[in-house]
Amino acid sequence: MIEVSNLYHSYNKDGKFAVKDVSFEVKEGEIFGFLGPSGAGKSTTQNILTGLLQLQQGNVIVAGYDVKAISNKMFNKIGMSFEQSNVYSKMSAKENLDFYRKLFDVKTREPEELLELVGLGDKANVRAGEFSKGMKHRLTFARSMINNPLLWFLDEPTTGLDPAIASEIKDIIKAENKKGVTVFLTTHNMYIADDLCDRVAFIVDAEIKLIDSPKNLKLQYGDKLVEIEYIKDGETLKETLSTIQEDDLKHLQDIIGKYEVQTMHTKEATLEEIFIKVTGRGLA
Amino acid sequence: MKLWHSFIKELKLSSRGFYFYIELVMAIILLVVVLLVIPAEFVSKDTEYLYFDLPEEMINEYRKDILEEDLDGKAEFIKIKSGKDLFPVEFYETDKKKYYFVEDETAAIQLAETERPLVSAVMSLDDASSIHYKYYLQGYESERLKNLYLVIHNRDLNLLKEEMDNQVVRSLSTGYSELTDRENVLPVLLTFNGSLMGLFIIAAYIFLDKQEGIIKAYAVTASSVWQYLMSKVGIILVTSTLASFIIVIPVMGLQPNYPLMLLLLITSGFFASSLGLVVASFYKNMMQAFSAVYLLMIVMILPNIAYFISSWEPIWIKVIPTYPLIQGFKETILVNGDTSYTLMVSLGFLVVGLLLFLIANKRYKKTLAV
Ligand SMILES: Nc1ncnc2c1ncn2[C@@H]1O[C@H](COP(=O)(O)OP(=O)(O)OP(=O)(O)O)[C@@H](O)[C@H]1O
Ligand SMILES: [Mg+2]
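Right, let's walk through the structure included here. The structure presented is a predicted model; accordingly, all values stated were derived computationally and were not measured.

Quick word on the site of ligand 1
Residues and elements named next belong to chain A.
Then step 1. In the vicinity of ligand 1 lie 13 residues, with Ser38, Lys42, Ser43, Thr44 and Glu83 positioned nearest.
Then step 2. Between an oxygen atom of ligand 1 and a side-chain N or O atom of Ser38, the distance comes to 2.6 Å.
Then step 3. Residue Ser43 places a side-chain N or O atom 2.7 Å away from an oxygen atom belonging to ligand 1.
Then step 4. For ligand 1, the accessible surface in isolation is 630 Å², of which the surrounding protein chains cover 63%.

As for the pairing of strand S5 (residues 119-125) of chain B
All names here are of chain B.
Then step 1. Of all 7 residues in S5, 6 are buried, a share of seventy percent or more.
Then step 2. Alignment of strand S1 (residues 46-53) against S5, held across 6 bridges, turns out to be parallel. Bridging from a neighbouring strand, Tyr51 pairs with Val122 of S5.
Then step 3. Sheet analysis places S5 next to strand S6 (residues 131-135), joined by 5 bridges and oriented antiparallel. Directly across from Met123, in S6, lies its bridge partner Tyr133.
Then step 4. Linking S5 back to S6 in an antiparallel pair, the connection comprises 5 residues, with Ser129 at a positive phi of about 60 degrees.

A few points about unusual backbone geometry
Then step 1. The phi dihedral of Glu156 of chain A falls on the positive side, at around 50 degrees, and the residue is not glycine.
Then step 2. One non-glycine residue, Asp233 of chain A, adopts positive backbone phi at about 50 degrees.

Re the packing of aromatic side chains
Then step 1. Summed over all chains, the structure comprises 25 aromatic pairs over all chains.
Then step 2. Here Phe91 of chain B and Tyr100 of chain B contribute two aromatic rings whose centre-to-centre distance is 4.8 Å and whose plane-to-plane angle is 25 degrees, an arrangement assigned as stacked. Each of the two residues, Phe91 of chain B as well as Tyr100 of chain B, counts as buried.
Then step 3. These aromatic residues form a ring-pair network of at least three members: Phe24, Phe32, Phe34, Phe153 and Phe184 of chain A.
Then step 4. Just above the ring of Tyr100 of chain A sits the side chain of Arg143 of chain A; from NZ or CZ to the centre is 4.7 Å.

Observations concerning a nonpolar patch on the surface
All names here are of chain B.
Then step 1. Residues Tyr21, Val25, Ile28, Ile29, Val32, Val33, Leu35, Leu36 and Val37 make up a contiguous nonpolar surface patch of about 790 Å² in total accessible area.
Then step 2. One can find Leu35 in helix H2 (residues 19-37).
Then step 3. Assessed through its relative accessible area of 33%, Leu35 is described here as partly exposed.

Observations concerning the coordination of the magnesium ion (ligand 2)
Residue and element names in this part refer to chain A.
Then step 1. Listed as protein donors to the magnesium ion (ligand 2) are Ser43 (OG) and Glu83 (OE); their distances from the metal cover 1.9 to 2.7 Å. Taken together, the residues span a long stretch of sequence, with Ser43 in helix H1 (residues 42-49) and Glu83 in the loop between strand S6 (78-81) and helix H2 (93-101) at a distance of 40 residues.
Then step 2. A residue is classified by how much of its surface remains accessible, and Glu83, at 37% relative accessible area, is partly exposed.

Observations concerning the sheet that holds strand S2 (residues 76-82) of chain B
Residue and element names in this part refer to chain B.
Then step 1. One open sheet holds the 6 strands; their spatial order is S2-S3-S4-S1-S5-S6, and the pairing between them is mixed. In the strand order of this sheet, the two ends are held by S2 and S6, each with one partner. Ignoring which end each strand starts from, the neighbouring axes of this sheet average 35 degrees apart.
Then step 2. Helix H3 (residues 56-69) rests against S1, strand S3 (85-93), strand S4 (97-101), S5 and S6 of the sheet, and its axis sits at about 60 degrees to S3.

Each value, and the rule that gives it
- Residues numbered from 1 in each chain as written.
- Chains lettered and ligands numbered in written order.
- Predicted model: local features only at pLDDT ≥ 70, side-chain atom pairs only at ≥ 80, totals over all residues.
- Heavy atoms only, no water.
- Near = heavy atom within 4 Å.
- Polar contact = N/O pair within 3.5 Å; in protein donor to acceptor, adjacent residues only side chain to side chain.
- Areas by Shrake-Rupley, 256 points an atom, 1.4 Å probe, with all protein chains shown as cover.
- Buried < 20%, exposed > 50% of the residue type's maximum accessible area, 1.4 Å probe, protein only.
- Helix = DSSP H or I, 4+ residues; strand = E, 2+ residues; numbered from the N terminus.
- Pairing = 2+ DSSP bridges.
- Phe/Tyr/Trp six-rings, centres within 6.5 Å; stacked < 30°, edge-to-face > 60°.
- Lys NZ or Arg CZ within 6 Å of the ring centre and 35° of its normal.
- Patch = residues over 30% accessible without salt bridge, like charges linked within 9 Å, V, L, I, M, F, W, Y side chains within 5 Å.
- Salt bridge = Lys/Arg side-chain N within 4 Å of Asp/Glu carboxyl O.
- Donors = N, O, S within 2.8 Å, 3.2 Å for Na, K, Ca; no water.
- Axes fitted to C-alpha atoms, helices over the stretch in contact; angles between N-to-C directions.
- Contact = heavy atoms within 4.5 Å.

Shown next as structure tokens:
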């Protein structure tokens, strides 16, 4: 669905790259996560893929189209939800979608149905200008599905949404993916990525550090951990220890032998912890 | 089809905004001003202040001559105010001129200074009983006029008349009509409210969209950027045509060549809005673009001055697009206007407009994500 090789991009063409030697491939039907801290180059990459930014260097094939000579037809197959919602504030939710659907040559979905799906069913005739930030974001999200895209670009689809709605959005993405839609998901929310993605790419400082499935990453990097809480000299202490590393194991045995253990459970490393381990950087 | 939908959407959007109405409201205000404030003729009748330092019989001769043409056949005795002074005068009015007979030379001089009439003159007799004429000029009269004053009294008037009668005057074009002063301001109003406002308003529309990030959303549809831009141009053309007709129809009735005027409105509106698109593509918001837009407007206004002051017309002003535009509009409202001139101007605006539109299209494709 997407093939990117040796992609570079410099906004001011000054040798400072927002994207540097990025190569990856997204297979048909998968959910591909593009993860990285703020300013890593995620949106830049996505904007090049969708023709919003001009390709400077590298090769990019999207949905069978070479992005060098982008064709309008390509967008019949593509949906894109923006990081910053962008809808006509002077038009109602329904008018926004009604107009937008006319810009495609393929069969489109019913605005009412989409609004219902994202929980805006009763707001169809309200002007988008009166919407809250989260509502605008959902409208932008709904709009990106209107042309039944085969390839769906989602830039931070859940930021700014309350957890309940975020989880609904997640379910929608899953459901669409089940129908065969390929998803390119950009986020710095590791829980979403962990939950949704078949494969993830870690991008930091304009470069991809690794690409793999969350499951493999956990097997590879995520040692089994034990979280233990115990009382020492009348104080409650908490430690996370590896079950593989020698000294951690020894320390664990010490604690169990000497002190009063309050709680103890094993846990898997989160994607976030793996990210920090691999890139040496946090996600905030 | 997509262009049509975009156009309808733009119409919906703009009718909910404020810019759409600016032009129309401006048009109505201008119409009211044109009809109520601007007189059909700016220049009132030529005025002459005359002091006759002559025997009463001779003055009576003059009175008799003038009274023959006087509108009501009798003299009025009034006082005119000049600075702090009041001068008693004898007033005659013919259908071409106003004559004021003043009582002394000081009055003639002072009135020449304060009222700036066409003529202020003193006539007197010298010892040889021939009439002396003294003219008080304003200082800006041409050499030719001064020479004429010199020659007119030193030659036998009958001889001059004979000479003039013997000159053959052949009209090169007949049916030539002139516009009244009120009609004469229309080409300027058409140029500014009609065509040039488009430049400003389309930029405003673009900045509204930039603010909402809407161009990006448009860019990821199977529709082209040029359709997006063209739908905006379409709105501008509709509003400026409406605004123009609001002004022209009540003032001019059926006289203008409306199809030709429409053509020029459309082509020049296309040019102005394309220019607005190009300008707007370089800035993020109206605040930043303001100085550029303002400067452009000022330059575009210069030919205006040349239009009203025909003696000021430097060569370079003719390359400012509003110069041929004003003239082009004038030809559409003249009874026997020069159609081919307007056609040429329209063609020019179409070509340059197209060029600018192509540049705009390229610019917007490049700057979508910005
Ligand atoms: N229009 C622009 N002009 C110049 N530099 C830009 C522009 N947009 C982004 N950048 C720079 O490019 C780099 C990558 O930005 P990008 O928006 O791709 O990051 P991101 O990974 O999407 O971050 P976020 O998670 O905050 O959305 C940043 O250093 C940013 O400052
Ligand atoms: Mg981003």
